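Letter by letter, the chains look like this.
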2 protein chains.
Amino acid sequence: MKVSREQMAENRRRILDVASRLFKDKGFDAVSVAEVMKAAGMTHGGFYGHFTSKDDLVAQTLAHALAADSFGDGEFSGFVRSYLAPRHRDNPGSGCPTAGLAAAIRHQTPAAKAAMAEGLRTQIARIEHALPDQGSADARRAAIGSWAAMVGAVILARSIDDPELSNEVLEQTRAWIDANVG
Amino acid sequence: MKVSREQMAENRRRILDVASRLFKDKGFDAVSVAEVMKAAGMTHGGFYGHFTSKDDLVAQTLAHALAADSFGDGEFSGFVRSYLAPRHRDNPGSGCPTAGLAAAIRHQTPAAKAAMAEGLRTQIARIEHALPDQGSADARRAAIGSWAAMVGAVILARSIDDPELSNEVLEQTRAWIDANVG
DNA sequence: ACATTTACATGATGACAATCATATTTAAAT
DNA sequence: ATTTAAATATGATTGTCATCATGTAAATGT
């Protein structure tokens, strides 16, 4: 059955939202096209009317998710605190797409890598802008270094079974960034 | 055909070595049991004499690879320089298993996560020991923070298609660590 | 209203992978 | 030497997935 133009646009948006959550939760490979479509309230058949392939969905989902990624209106140190928190570590599906997906992008198409590059540029600029000495060479260095540490810390914290060590990785990284930024 | 005891032990070692390289290069999901066995010079049938499942191979490969992971005899800053180098970024198969596999461990078995926890503990201790103020609370903080930054930087640098930005991520993270350690 | 387009559903198709069953060959044990 | 046990090979088996072919019904344009 055909659907109205708006309905189709909304369906497409829902597919991207749902795919973002599922990909972040389970990884690109562990999520089937049929699973995405079912979660979006449709069957798998209509998928290829919206996207040319699963690779296409991956690339568009990345662009979609990374565009929305941001840190509200708080200060930088508030952003760091919430980013390096157990709540974020324990909820990848609703969390940062960079922490959840960056490592897997290496095995994806050029379009996916291009979307990631654009998202990374934006994020570095955002952080740089939020730092006290914005515009200086030190600020760019601190933006890149602290963002790498944040992403790395969440990935490491999620990769282990030892809750104590996992918490320490988050907390020490937060303290290390706090001590060295600004 | 049966093989000698030593031959079998060597076969097992070769499977783990080859699996480590393939997993780091292509990811756990993209490497089949048959591919690992073929690369080790055998057919897929004998696999289950060495390991109970592919999950078992993943966990044992991680333990194997992380145990060997270390930074030679150089200084910490030399280790950082070679870790955050284009050569390392561009050769995941022969590179650090943490940078190559950490993010994927989230989707693996508890045994894999336990192997990663052990590897992470060891690596943090190694770095802490190599720092000038080893033993202090600051040294542990710096060890964890800089290791998170190194791992995150390599993952980010590998996830994008823009060589200039990728190089900058490596270089600025190196400078940021250099400026804040010791 | 009618014709046409099109978004989605249903149901193949073909490829590939993990695991297992059985056969073969040879190292060890006696 | 002969027997036994084990390591690997060969060849199913079973399930899953991406993609495609075709059907259907509703929306849009005339």
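Summarised in this report is the structure supplied together with it. (Residues numbered from 1 in each chain as written. Chains lettered and ligands numbered in written order. Predicted model: local features only at pLDDT ≥ 70, side-chain atom pairs only at ≥ 80, totals over all residues. Heavy atoms only, no water.)

**A short note on the layout of surface pockets**
Link 1 in the chain: Here the largest pocket defines a volume of roughly 530 Å³.
Link 2 in the chain: Looking at the largest pocket, it is lined by 30 residues, and the ones nearest its centre are D29, A104 and H107 of chain A together with D29 and A104 of chain B.
Link 3 in the chain: Mapped onto the lining of the largest pocket, the elements with two or more residues apiece are α1 (5-26) and α7 (97-105) of chain A together with α7 (97-105) and α9 (137-158) of chain B.
Link 4 in the chain: In terms of residue count, α7 of chain B provides more of the lining of the largest pocket than any other element does, six residues in total. (1 Å grid on protein atoms, 1.4 Å probe; cavity = no way out; pocket = protein on both sides within 12 Å on 5 of 7 lines; lining within 4 Å. Points joined across faces, edges and corners; volume = space filled by probe spheres on them. Helix = DSSP H or I, 4+ residues; strand = E, 2+ residues; numbered from the N terminus.)

**Quick notes on the pattern of salt bridges**
Any two side chains of opposite charge can pair, given that their charged atoms come close.
Link 1 in the chain: Here the structure, examined in full by the defined rule, presents 18 salt bridges over all chains.
Link 2 in the chain: A salt bridge links E168 of chain B to R140 of chain A, with the nearest nitrogen and oxygen atoms 2.5 Å apart. Here the residue E168 of chain B occupies a position in helix α10 (residues 163-180), and R140 of chain A occupies one in helix α9 (residues 137-158), the pair thus bridging two chains.
Link 3 in the chain: With relative accessibility at 25%, the residue R140 of chain A sits in the partly exposed group.
Link 4 in the chain: Through salt bridges with shared partners, a single ionic network connects E118 and R121 of chain A together with D162 of chain B. (Salt bridge = Lys/Arg side-chain N within 4 Å of Asp/Glu carboxyl O. Buried < 20%, exposed > 50% of the residue type's maximum accessible area, 1.4 Å probe, protein only.)

**Considerations on the side chain of R158 of chain A**
Link 1 in the chain: Here R158 of chain A is to be found in helix α9.
Link 2 in the chain: D90 of chain A provides the closest opposite charge to the buried, salt-bridge-free R158 of chain A, at an N-O distance of 6.9 Å.
Link 3 in the chain: Among the polar contacts made by the side chain of R158 of chain A, one reaches the main-chain carbonyl oxygen of R89 of chain A at a distance of 3.0 Å.
Link 4 in the chain: When residues no more than four places from it in sequence are discounted, the contact partners of R158 of chain A are H88, R89, N91, P92, A99 and G100 of chain A together with R106 of chain B. (Lys, Arg positive; Asp, Glu negative; His and termini not counted. Polar contact = N/O pair within 3.5 Å; in protein donor to acceptor, adjacent residues only side chain to side chain. Contact = heavy atoms within 4.5 Å.)

**Examining the interface of chain B and chain A**
Link 1 in the chain: Every contact between the two is made by 49 residues of chain B and, on the other side, 49 residues of chain A.
Link 2 in the chain: With both sides pooled, the region where chain B packs onto chain A buries about 4100 Å², and carbon together with sulfur makes up 67% of that total.
Link 3 in the chain: Of all residues in chain B, R106, L156 and W176 of chain B give up the largest surface area on contact with chain A, accounting jointly for 19% of the area buried on that side.
Link 4 in the chain: The tally of links from chain B across to chain A stands at four salt bridges.
Link 5 in the chain: Residues R121 of chain A and D162 of chain B are paired through a salt bridge, measuring 2.7 Å at the closest nitrogen-oxygen approach.
Link 6 in the chain: Taken together, the links from chain B to chain A amount to 10 residue pairs in polar contact (both at pLDDT 80 or more).
Link 7 in the chain: Residue assignment for the side of chain B that touches chain A shows that the elements contributing at least two residues are α1 (5-26), α7, α8 (110-130), α9 and α10 of chain B.
Link 8 in the chain: At 15 residues, the largest contribution of residues to the side of chain B that touches chain A is made by α9 of chain B.
Link 9 in the chain: Looking at the side of chain B that touches chain A residue by residue, the classes come out as 25 nonpolar, 11 polar and 13 charged. (Buried area = accessible area lost by both parts, 1.4 Å probe. Nonpolar A, V, L, I, M, F, W, Y, C, P; charged D, E, K, R; others polar.)

**Topic: α7 of chain B**
Link 1 in the chain: Within α7 of chain B, seven of the nine residues are buried, which leaves it mostly tucked inside the rest of the structure.
Link 2 in the chain: Among the residues making up α7 of chain B, those that are buried are P97, T98, A99, G100, L101, A102 and I105 of chain B.
Link 3 in the chain: Buried residues along α7 of chain B sit in contact with α9 of chain A together with α1, α4 (54-68), α5 (76-83), α8 and α9 of chain B.

**Looking at the relation of the copies chain B and chain A**
Link 1 in the chain: By a simple turn and slide, chain B fits onto chain A: the slide is 0.0 Å along the axis, the RMSD is 0.0 Å, and the turn is 180°. Such a combination of turn and shift is consistent with a two-fold rotation axis. (Least-squares fit on C-alpha atoms with pLDDT ≥ 70 in both.)

**Observations regarding empty space enclosed by the protein**
Link 1 in the chain: Across all of its chains, the model carries two cavities of 30 Å³ or more by this definition.
Link 2 in the chain: Its boundaries defined by the atoms lining it, the largest cavity holds a volume of some 40 Å³.
Link 3 in the chain: A99, G100, I155 and R158 of chain A together with A103 and R106 of chain B are the residues that line the largest cavity.
Link 4 in the chain: Mapped by element, the contributors of at least two residues to the lining of the largest cavity are α7 and α9 of chain A.
Link 5 in the chain: For the lining of the largest cavity, the residue count by class is three nonpolar, one polar and two charged.
Link 6 in the chain: Reported here for the second largest cavity is a volume of approximately 40 Å³.

**Here's the deal with the protein's contact with DNA strand D**
Link 1 in the chain: Surveying the vicinity of DNA strand D reveals 23 residues, the closest of which are Y48 of chain A together with N11, T43, H44 and H50 of chain B.
Link 2 in the chain: Each atom of DNA strand D within 4 Å of the protein was assigned to sugar, phosphate or base; sugar and phosphate come to 66%.
Link 3 in the chain: One of the side-chain nitrogen or oxygen atoms of K54 of chain A is found 2.7 Å away from a phosphate oxygen of DNA strand D.
Link 4 in the chain: Its residues assigned to classes, the surface near DNA strand D shows nine nonpolar, 10 polar and four charged. (Near = heavy atom within 4 Å.)

**Digging into the protein's contact with DNA strand C**
Link 1 in the chain: Taken together, 23 residues lie around DNA strand C, and N11, T43, H44 and H50 of chain A together with Y48 of chain B are the ones closest in.
Link 2 in the chain: What you see for DNA strand C is that sugar and phosphate hold 70% of its atoms within 4 Å of the protein.
Link 3 in the chain: H50 of chain A has a polar side-chain atom sitting 2.5 Å from a phosphate oxygen of DNA strand C.
Link 4 in the chain: Partitioning the surface near DNA strand C into residue classes produces nine nonpolar, 10 polar and four charged.

**Considering the side chain of H88 of chain A**
Residue and element names in this part refer to chain A.
Link 1 in the chain: As for its placement among the helices and strands, H88 is situated in helix α6 (residues 86-89).
Link 2 in the chain: Take H88: its relative accessible area is 12%, and that puts it in the buried class.
Link 3 in the chain: A polar contact of 3.0 Å, which involves the side chain of H88, links it to the backbone nitrogen of C96.
Link 4 in the chain: Apart from residues lying up to four places away in sequence, H88 is in contact with S82, Y83, G95, C96, V154 and R158.

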